[in-house]
Amino acid sequence: MIGLGVFTYGIDTEYGELFVGYLIVVAFTAWALHTAGLLDRLSRLVAHNRSFTLAMGFIAAIAFPFTQTNDHYANIGVNILIFGTVALGLNIVVGLAGLLDLGYVAFLGVGAYTAALVSGSEFSRFSGVQFPFWASALTGAAASLIFGVLIGAPTLRLRGDYLAIVTLGFGEIFRIAINNMDGDSGPDITNGPNGIAAIPDLKIFGFNLGESHDIAGFTLGRFANYYLLMVLIMAIVVLVYTRAADSRIGRSWIAIREDETAATAMGINGFRVKLIAFALGAALAGLAGTVSAHVTYSVVPTPYQFAGSTAPNSAFLLAAVVLGGMGTVAGPLLGAALLYLIPEKLVFLQEKQLLAFGIALVLLMRFRPEGIIANRRRQLEFHETGQTDVPEQATLTDEPAAVTKAGA
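Residues numbered from 1 in each chain as written. Predicted model: local features only at pLDDT ≥ 70, side-chain atom pairs only at ≥ 80, totals over all residues. Heavy atoms only, no water.

Mapped onto the elements, Leu-239 comes out in helix H9 (residues 222–245). Exposure remark for Leu-239: the relative accessible area of 51% places this residue in the exposed category. Distance from Leu-239 to Val-329, taken between C-alpha atoms, is 10.0 Å for residues 90 residues apart in sequence. (Helix = DSSP H or I, 4+ residues; strand = E, 2+ residues; numbered from the N terminus. Buried < 20%, exposed > 50% of the residue type's maximum accessible area, 1.4 Å probe, protein only.)

What follows deals with the packing of aromatic side chains. A full pass over the atoms with the stated rule returns seven aromatic pairs. Connected via pairs of aromatic rings, a cluster forms that spans Tyr-104, Phe-107, Phe-170 and Phe-278. The aromatic ring of Tyr-297 is capped on one face by Arg-222, whose charged end is 3.9 Å from the ring centroid. (Phe/Tyr/Trp six-rings, centres within 6.5 Å; stacked < 30°, edge-to-face > 60°. Lys NZ or Arg CZ within 6 Å of the ring centre and 35° of its normal.)

What follows concerns the environment of Gly-221. Mapped onto the secondary structure, Gly-221 falls in the loop between strand S4 (218–220) and H9. In this structure Gly-221 comes out as buried when scored by relative accessible area, which is 13%. Gly-221 sits 152 residues away from Thr-69 along the chain, and the two C-alpha atoms are 9.3 Å apart. Once residues lying within four places of it in the same chain are set aside, the contact partners of Gly-221 are Asp-71 and Ser-212. (Contact = heavy atoms within 4.5 Å.)

Before going further, it helps to spend a moment on the pattern of salt bridges. Counted according to the given criterion, the structure contains four salt bridges. In this structure, Asp-201 engages Arg-222 in a salt bridge whose closest nitrogen and oxygen atoms are separated by 2.9 Å. Taken together, the residues Asp-201 in the loop between helix H8 (160–180) and strand S1 (203–204) and Arg-222 in helix H9 connect sequence positions 21 residues apart. You can call Arg-222 buried: its relative accessible area is 8%. (Salt bridge = Lys/Arg side-chain N within 4 Å of Asp/Glu carboxyl O.)

Position of Ser-136 relative to the elements: it lies in helix H7 (residues 133–155). Apart from residues no more than four positions distant in its own chain, Ser-136 is found in contact with Ala-115, Val-118, Phe-131 and Thr-290.

Let us now look at a nonpolar patch on the surface. A surface patch of nonpolar side chains, about 440 Å² in accessible area, is lined by Val-20, Ile-24, Phe-28 and Trp-31. As for its placement among the helices and strands, Phe-28 is situated in helix H2 (residues 16–35). We classify Phe-28 as exposed; its relative accessible area is 57%. (Patch = residues over 30% accessible without salt bridge, like charges linked within 9 Å, V, L, I, M, F, W, Y side chains within 5 Å. Areas by Shrake-Rupley, 256 points an atom, 1.4 Å probe, with all protein chains shown as cover.)

Here we take up the confidence of the model for the chain. Chain-level statistics for the chain give a pLDDT mean of 79 and a share of 81% at 70 or above. For the chain, the element scoring lowest by mean pLDDT is helix H17 (residues 399–407), at 42; helix H6 (residues 105–117) scores highest, at 91. Of the regions scoring below 50 in pLDDT, residues 385–395 engages in 25 contacts with residues more than four places distant in sequence or in other chains. Within the model, pLDDT remains below 50 along residues 399–408, and this stretch shows 13 contacts once partners closer than five positions in the same chain are excluded. (pLDDT = per-residue confidence, 0-100.)

This is the structure we're talking about:
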């Protein structure tokens, strides 16, 4: 609940200068707590009570829209959850399996366009088809999974920079392809650069998410409704992630990430486990994309690029994973929240916004290269020289615990 109060105050700041002061106070407070050793104690406490911590975190997330009187902040919240969900899927590929994917945002686009095509929109190529939400979500996730397998099967035998270049090419091919499927340059499927507009709001069990509803004396607007839906989807994604990370296949991902040659020599089928990671990460991104299409009312090709000044883009998602902390649950979620919220609040810098943002990222990577929330393995990787007394700092998916479980 303390975290909810801190986040709510930050998101409610009315002007950029106050938000900068807020960030400075939070940063110095975190530094002071870390110096005093309180953060290490909190990390151990969280690791020993993982289920309770997750439950309290989701309770705080559910309470957030009830603390807001402006639906604009709920809009920010739902976008953070959408991008956080996609970042968590990318964390499987990058954080667990160690595969550098520079075109991951394309899977978000596949899910969004799939949901738009079966949404019943009059601008859809299949305007007479309108799936219920559960069918639309499964269709979007399945389409992204299929694309993940089709792209991963011929390319995952590559490693390092070569794989990164191929995935970057896939992301650009996807954006260019949907931009040309307008009936003139290609088949008439996506309406080209105009995209698919007028996507209707979701109705779940007769509950129209596009309308305001009064619950226990609180009025929840349109974005608050979608926010609560994304909290539910986030809970499912976190469950899938934690179960996969703690499973035998999760240990295989980590073994491949650390040393693929040694893992293959121990009998792990590297191609198969990497393909599973690629497909699962793509499916989670597609699932988030199905909700994103309805939140924004339309889908267009422009956002699905490698880099840009606004989210979503592949560079944004990769930065969220790396800055938040690879291989953890809370890390990508925190990274997505910061990378989405900070540009939103630094509008007063205008053209200097990206400069200030870049300086902040460089400083963070200099003094905290393992990410804001890091598991013990990555701490030791970055601090093994000249610092042998690294405190034990466990996270919600700390790897050493899973080593014991898998090796038993």
